[in-house]
Amino acid sequence: MKGLLRVVAEALPGSYHSYGIRHLNANLLKTFKSQKLCKLFSRAAYALRESDHKEAMELIKAKNEKVEKWISEIPKENWANVHFKGARWNVLTTNAAECFNNVLKDARELPIAALVDHTRWKVQDFFQFRRKAGATWKTHLTHRAEKWLDRSCSFGSKFLPRTCSWNEYEVLSSTHTNSVDLEKKTCMCGLFQTMGLPCGHAIAAMGLNKLDRYKYCQD
Ligand SMILES: [Zn+2]
């Protein structure tokens, strides 16, 4: 693992290293044999607010201090959504890579040069397939992202936004008040910055000045 950390930093300078929560949980389960603690670990990892992350970690500590210590030894910027420095879009598993591993399963026995060629052809095929599909789309974003935005819009219609300053807004719902900063593309709920797409609170804030929601999506 340490060699991998060094090589990734050298090969992809400025990139952020994220650990898959499924593998971390498998290690935790193997060592401490507790599904409940695995669930709490996932809760801490997926939390979008610092307070929710802390709460999950405190629950782990209350149940088993050794587990909390074991988790604390893993740098939190590598596994916890709230501490990750790059954009992870709430993807905390390596499922996509596992799928591709499966695609390459039969090629593993090939000599190295043939294996590299085979991998390149597969990647080319996938890109070409996506390129053709993408060329037929009439939307700004992918279907999945458009759906996500539509859902934010329907949530946003239930909120009451107020302007605080040029780019900052306070958005009220029946249970919470969230602060939105449209310039920084952040919301107190954590979804705006994690997903790179406006959350319902941000959409509500944009509605005040009829701003274009696509301008606030991550590049
Ligand atoms: Zn929000």
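Just so we're clear, the structure is a prediction, and the values are computed from it rather than from any experiment.

Trainee: How should the pairing of strand E1 (residues 160–163) be read in this particular structure?
Mentor: In regular strands, side chains alternate between the two faces of the sheet. Where E1 meets strand E2 (residues 168–172), four bridges bridge the pair, whose relative direction is antiparallel. Paired with Thr163 across the bridge in E2 is Tyr169. Here E1 folds back onto E2, and the loop between the two strands holds four residues.

Trainee: Can you help me understand the nonpolar core in this one?
Mentor: Here is a general trend for soluble globular proteins: nonpolar side chains tend to be buried in one another's company. Ranked by internal contacts, the top residues of the largest apolar core, which has 19 residues, are Leu28, Phe41, Ile60, Ile71 and Trp79. Elements represented by at least two residues in this core include exactly helix H2 (21–32), helix H3 (35–46), helix H4 (50–63) and helix H5 (65–72). The element that contributes the greatest number of residues to this core is H3, accounting for six residues. If sequence neighbours within four positions are ignored, Phe41 has contacts with Ile21, Leu24, Asn25, Leu28, Ile60, Trp70, Ile71, Ile74 and Trp79. With 14 residues, the next largest nonpolar core counts Phe159, Leu182, Ala204 and Met206 among its residues.

Trainee: Got a minute to help me understand the sheet that holds E1 in this structure?
Mentor: Strand pairing in a sheet relies on backbone hydrogen bonds, with the paired strands running either antiparallel or parallel. Strand order in the open sheet formed by four strands is E1-E2-E3-E4, and the pairing between neighbours is antiparallel. Both edges of this open sheet fall to E1 and strand E4 (186–187), since each of them pairs with a single strand only. Pairing of strand E3 (residues 177–181) with E4, which is carried by two bridges, proceeds in the antiparallel orientation. Among the inter-strand pairings, Asp181 is bridged to a residue of E4, identified as Thr186.

Trainee: Quick question: what am I supposed to make of the coordination of the zinc ion here?
Mentor: Note on metal geometry: ideal angles are 109.5 degrees for four donors arranged tetrahedrally and 90 or 180 degrees for six donors arranged octahedrally. Distances from the zinc ion to its protein donors, Cys187 (SG), Cys189 (SG), Cys199 (SG) and His201 (ND1), fall within 2.1 to 2.3 Å. Each donor residue of the zinc ion lies on one chain, and together they are spaced C-x1-C-x9-C-x1-H. Accessibility assignment for this pair places Cys199 and His201 in one class, buried.

Trainee: Can you walk me through the packing of aromatic side chains in this structure?
Mentor: Centre-to-centre distance and the angle between the planes together describe a pair of aromatic rings. This model, assessed by the stated rule, comprises five aromatic pairs. With centroids separated by 6.0 Å and ring planes inclined at 70 degrees, the aromatic side chains of Tyr16 and Phe84 adopt a geometry described as edge-to-face. Separated by 68 residues along the polypeptide, Tyr16 in the loop between helix H1 (2–11) and H2 and Phe84 in the loop between H5 and helix H6 (95–103) bring together distant segments of the chain. For Phe84, a relative accessible area of 13% corresponds to the buried category. Summarising the aromatic geometry, the rings of Phe41 and Trp70 are spaced 6.4 Å apart at their centres and angled 75 degrees between planes, so their arrangement reads as edge-to-face. You can see Phe41 sitting in helix H3 and its partner Trp70 sitting in helix H5, a full 29 residues away along the chain. A relative accessible area of 0% places Phe41 in the buried class. Using a relative accessible area of 22% as the deciding quantity, one classes Trp70 as partly exposed. Taken together through their ring pairs, the aromatic side chains of Phe32, Phe41, Trp70 and Trp79 make up a single cluster. Over the aromatic face of Phe84 sits the side chain of Arg88, whose NZ or CZ is 5.4 Å from the ring centroid.

Trainee: Whenever I open this one, the domain arrangement of the chain confuses me. Can you help?
Mentor: Often, the extent of an interface is quoted as the loss of accessible area on bringing the components together. Each assigned domain of the chain is listed here: domain 1 (16–114) and domain 2 (143–216). The C-alpha-based centres of domain 1 and domain 2 are spaced at 28 Å. Contact residues are listed per partner, giving five residues for domain 1 and nine residues for domain 2. At the boundary of domain 1 with domain 2, total buried surface from both sides reaches about 590 Å², with 55% on carbon and sulfur atoms. In terms of surface lost to domain 2, no three residues of domain 1 exceed Leu48, Arg49 and Trp89, which account for 85% of the buried area on that side. Scanning the region where domain 1 abuts domain 2 turns up zero salt bridges.

Trainee: How should the environment of Pro111 be read in this particular structure?
Mentor: Summarising the element assignment, Pro111 is placed in the loop between H6 and helix H7 (112–135). What makes Pro111 exposed here is its relative accessible area of 56%. Pro111 sits 39 residues away from Ser72 along the chain, and the two C-alpha atoms are 42 Å apart.

Trainee: Just to check I follow, could you spell out the environment of Val123 for this structure?
Mentor: Structurally, Val123 is set in helix H7. In this structure Val123 comes out as partly exposed when scored by relative accessible area, which is 30%. Between the C-alpha atom of Val123 and that of Leu104, which follows or precedes it by 19 residues, the distance is 10 Å.

Basis of the calculations
- Residues numbered from 1 in each chain as written.
- Predicted model: local features only at pLDDT ≥ 70, side-chain atom pairs only at ≥ 80, totals over all residues.
- Heavy atoms only, no water.
- Pairing = 2+ DSSP bridges.
- Helix = DSSP H or I, 4+ residues; strand = E, 2+ residues; numbered from the N terminus.
- Core = buried A, V, L, I, M, F, W, Y, C linked by side-chain atoms within 4.5 Å.
- Buried < 20%, exposed > 50% of the residue type's maximum accessible area, 1.4 Å probe, protein only.
- Contact = heavy atoms within 4.5 Å.
- Donors = N, O, S within 2.8 Å, 3.2 Å for Na, K, Ca; no water.
- Phe/Tyr/Trp six-rings, centres within 6.5 Å; stacked < 30°, edge-to-face > 60°.
- Lys NZ or Arg CZ within 6 Å of the ring centre and 35° of its normal.
- Domains from an automatic or database assignment.
- Buried area = accessible area lost by both parts, 1.4 Å probe.
- Salt bridge = Lys/Arg side-chain N within 4 Å of Asp/Glu carboxyl O.

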